[in-house]
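Structural overview
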Amino acid sequence: MNERASENSWIPLIVVACASFIIVLDTLFMNVSISKIVVDLNTDVSTIQMIVSFYTLITAAFILLSTKLQDMVDKKKLFLIGAALFGIGTFTAAISSSTTMLFVGWAAIEGVAGALMLPAIVSIISGTYSGKKRTVALATLGMVTATADVLAPLLGGIITTYLSWRYAFAFELIIIFFILGMRNRIPDFKPTESKNDLDIIGAIISGIGLVLLILGILTLNKDVTASISEIILGLIVLAIFIWYELKRKRNGKVPLLDVDLFKDKNLRLGASIKLLYNIIISGTFFVLPLFFQSVLQLNPFYTGVASIPFCMGLLIFSVTAPKLIGKVNHKTLLAIGCIISIVGCLILSYQFKLNTTMLDLIPGQFLLGAGLGFMMALTVDVALFDIPDESQNNASGIVTTGDTLGSSMGTAIIGIILILGVMGGISTAVDTYAPAYSGDEQFHQEVYDYFQKLDTINGQDSIIVNTADIIIQNAMATVMYALAIITGVILILTLRIKDKNIKKQ
């Protein structure tokens, strides 16, 4: 199937969007299944969390190498290799009899597969469609991701509760068979570079830098000193990587990453917005289920149900956004989205209490998700506005790296902010309801212990209950304010976008 013929068909978009769907599904499925995996594999939560972390690390380590391989192998071929590997990984995870087997299937094989597919998904779409159709295609990709966000907690809860977490992986395998079966409907792309141009040294340096950076971020809540050291070292290694790439290009050799692309203002802004957007998304998907399960005592299925307002806002407005292009420009729509999300954060900032119900959280959740829906639909298109065809692969890799970094950073950063909110709330709560114990460290520890076991908090003394209520309010409000600030930064970046009219085709 040639590129010109494929632009008149949406089937290539459907096929590659399926890959995006299962990659999102793969992570969020397991958020509501961890306790069952722990029991079935006779392990502990920290081990499963480690496996999830290594999935991110492995994907990040290979992402730039994968981006460059698209130019040398053909992005379609690389995408299909990634899909086949993902199928092997998900099958291995489904039949896992030990954590080692789960690590190999889920973290190692699927991590590499994700790195091969993610940059190719965006670059296949941007290479197949142009103008208005590309805007619609990229927005549809965002809508598919939003749909996966909506369905993952619900499907994961249902499958885990009534069948087994293993069937979640089996469901993904079915979609992989569909992707491979429809491979001929994806257009072919001629390689633009020789395999001899592969920058092995650059790939190693970038992989080490990204792994150190993300590992430092993921362990921030365990050992701050060691984590900051890893982050700084990772940034130093990445700086060396940029210097090496510039030197390589000056010497007439093909770099792993064309650093000159960062001269494009919209690419810089789009990649930055994408990174911050993913911090908000992953942080929200961490803190909301935590509140639902720890405070409201909801099971996996109802945790998914409680998240529906946020997910529906995300889905509806990611679908609506591309329909408005032509009437309203990208910059304006993104700015509107930022304002809507900030309003949602501010509404939610005073909603989280011990007696909160799911209904109380609907307006704030929906508005937060609605604003993010605009960002999900339009940010990639902004980043690729002015990138020439021969640089689309590299630019897609930059955007995808921002995706990976943001997703990795979100849970860690928001988790730390949540802890700071808890610690700040303890002093305020004790001073308010038990001033006689303000300097009593043992009482402070007692309150903290009760807070850590919120399943029994309502049966405790009224002083403990009232104290914990203030701690919850303070911690969650701190998180919402932080999300509002991050969204405010996105708004500032959005106002600097160099907008461009998209021609209808």
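Our subject in this report is the structure included herewith. (Residues numbered from 1 in each chain as written. Predicted model: local features only at pLDDT ≥ 70, side-chain atom pairs only at ≥ 80, totals over all residues. Heavy atoms only, no water.)

1. Focus on the overall build of the protein
Here is the rule we go by: Where helices and strands are cited, they refer to DSSP runs of H or I of at least four residues and of E of at least two residues respectively, numbered from the N terminus. Relative accessible area decides the class of each residue, using a 1.4 Å probe on protein chains only: under 20% of the type maximum gives buried, over 50% gives exposed, and in between gives partly exposed. In this description, contact between two residues means that some pair of their heavy atoms is separated by no more than 4.5 Å. Reported accessibility uses the Shrake-Rupley method at a 1.4 Å probe radius. Residues are deemed covered only where the shown protein chains occlude them.
In terms of regular secondary structure, the protein is built from 18 helices and zero strands. The proportion of buried residues among the 505 residues of the protein is 56%. Pairs at least 24 residues apart make up 83% of the contacts formed inside the protein by residues separated by at least 6 positions. For the protein, the computed accessible surface area is about 20,700 Å², with 64% contributed by carbon and sulfur atoms.

2. Quick notes on the nonpolar core
Cut-off, in case you're wondering: Nonpolar cores are built from buried Ala, Val, Leu, Ile, Met, Phe, Trp, Tyr and Cys residues. Side-chain atoms within 4.5 Å join them into one set.
Core analysis: the biggest nonpolar cluster contains 146 residues, and Phe79, Leu102, Ile179, Phe291 and Leu372 have the highest contact counts within it. Filtering out sequence-adjacent residues up to four positions away, Leu372 remains in contact with Tyr277, Ile280, Ile281, Phe310, Leu314 and Ser341.

3. Focus: the packing of aromatic side chains
Formally: Here the aromatic set is Phe, Tyr and Trp, taking the six-membered ring for Trp, and pairing holds for ring centres within 6.5 Å; pairs whose planes are under 30 degrees apart are stacked, those over 60 apart are edge-to-face, and all others are tilted.
Applying the stated criterion to the full structure yields seven aromatic pairs. Where Phe291 meets Phe292, the ring centres are 6.4 Å apart and the plane angle is 70°; that geometry is what we call edge-to-face. Taken as a pair, Phe291 and Phe292 share a single burial class, namely buried. Both rings, one in Phe317 and one in Phe366, keep their centres 6.1 Å apart while their planes meet at 70°; by these two values the pair is edge-to-face. Linking Phe317 in helix H13 (residues 308–324) with Phe366 in helix H15 (residues 362–383), this pair joins segments that are 49 residues apart in sequence. On the basis of relative accessible area, Phe317 is assigned to the partly exposed category, the value being 23%. When its relative accessible area of 29% is taken as the criterion, Phe366 is described as partly exposed.

4. Some points on the environment of Leu491
As for its position among the elements, Leu491 is in helix H18 (residues 462–494). Through-space distance from the C-alpha of Leu491 to that of Ala335 is 5.7 Å; in sequence the pair is 156 residues apart. Ignoring sequence-local partners within four residues, the contact set of Leu491 consists of Ala335, Cys338 and Ile339.

5. Quick notes on empty space enclosed by the protein
Rule in force here: Throughout, the protein atoms alone are placed on a 1 Å grid, and a set of points is a cavity if a 1.4 Å probe fits but cannot get out or a pocket if it is open with protein on both sides within 12 Å along at least five of seven lines; lining residues have an atom within 4 Å of a point. Grid points are joined across faces, edges and corners, and a volume is the space filled by probe spheres set on the points. Note on residue classes: Ala, Val, Leu, Ile, Met, Phe, Trp, Tyr, Cys and Pro are nonpolar, Asp, Glu, Lys and Arg are charged, and everything else, Gly too, is polar.
Tallied over the full model, the rule gives one cavity of 30 Å³ or more. Approximately 30 Å³ is the volume found for the largest cavity. In terms of lining, the largest cavity is formed by Thr27, Val52, Tyr55 and Trp106. Looking at side-chain class alone, the lining of the largest cavity contains three nonpolar, one polar and no charged residues.

6. Quick look at the packing of helix H11 (residues 265–294) against H15
Rules: To get an axis, fit a line to the C-alpha atoms, keeping to the stretch in contact for a helix; angles then go from 0 to 180 degrees between the N-to-C directions. Any angle between 65 and 115 degrees counts as roughly perpendicular, while under 35 counts as roughly parallel, over 145 as roughly antiparallel, and the rest as oblique. Here a crossing is taken to be left-handed if its near helix is turned anticlockwise relative to the far helix by less than a right angle, and right-handed if that turn runs clockwise.
Taken N-terminus to C-terminus, the directions of H11 and H15 make an angle of 150°; their axes are 9 Å apart at the nearest point. Judged by the inter-axis angle, H11 sits roughly antiparallel to H15. The element H11 and its partner H15 pack so that their crossing is left-handed. Across the interface between the two elements, Asn266, Leu267, Gly270, Ala271, Ile273, Lys274, Tyr277, Ile280, Ile281, Thr284, Leu288 and Phe292 of H11 pack against Gln365, Leu368, Leu372, Met375, Met376, Thr379, Val380, Val382 and Ala383 of H15. When the residues that make up the contact of H11 with H15 are grouped by side-chain class, the tally is 15 nonpolar, five polar and one charged.

7. With respect to a positive patch on the surface
Basically, it comes down to this: A patch is a set of surface residues, each over 30% in relative accessible area and not in a salt bridge, joined within 9 Å for like charges and within 5 Å for the nonpolar side chains Val, Leu, Ile, Met, Phe, Trp and Tyr. Any Lys or Arg side-chain nitrogen found within 4 Å of a carboxyl oxygen on Asp or Glu counts as a salt bridge. Charge convention: Lys and Arg are scored as positive, Asp and Glu as negative, and His as well as the terminal groups of each chain are ignored. A charge is said to be at NZ when it belongs to Lys, at CZ for Arg, at CG for Asp and at CD for Glu.
Residues Lys265, Arg268, Arg496 and Lys498 make up a contiguous surface patch of positive charge. Considering the arrangement of structural elements, one finds Lys265 in helix H11. Note on Lys265: relative accessible area 33%, which makes it partly exposed.

8. Re the side chain of Ser20
Here Ser20 lies in helix H2 (residues 11–31). Accessibility expressed as a relative area gives 10% for Ser20, which makes it buried. Every residue in contact with Ser20, bar those within four places of it in the chain, is listed here: Ile121, Leu141 and Thr145.

Function-wise, these values are silent; they only describe arrangement.
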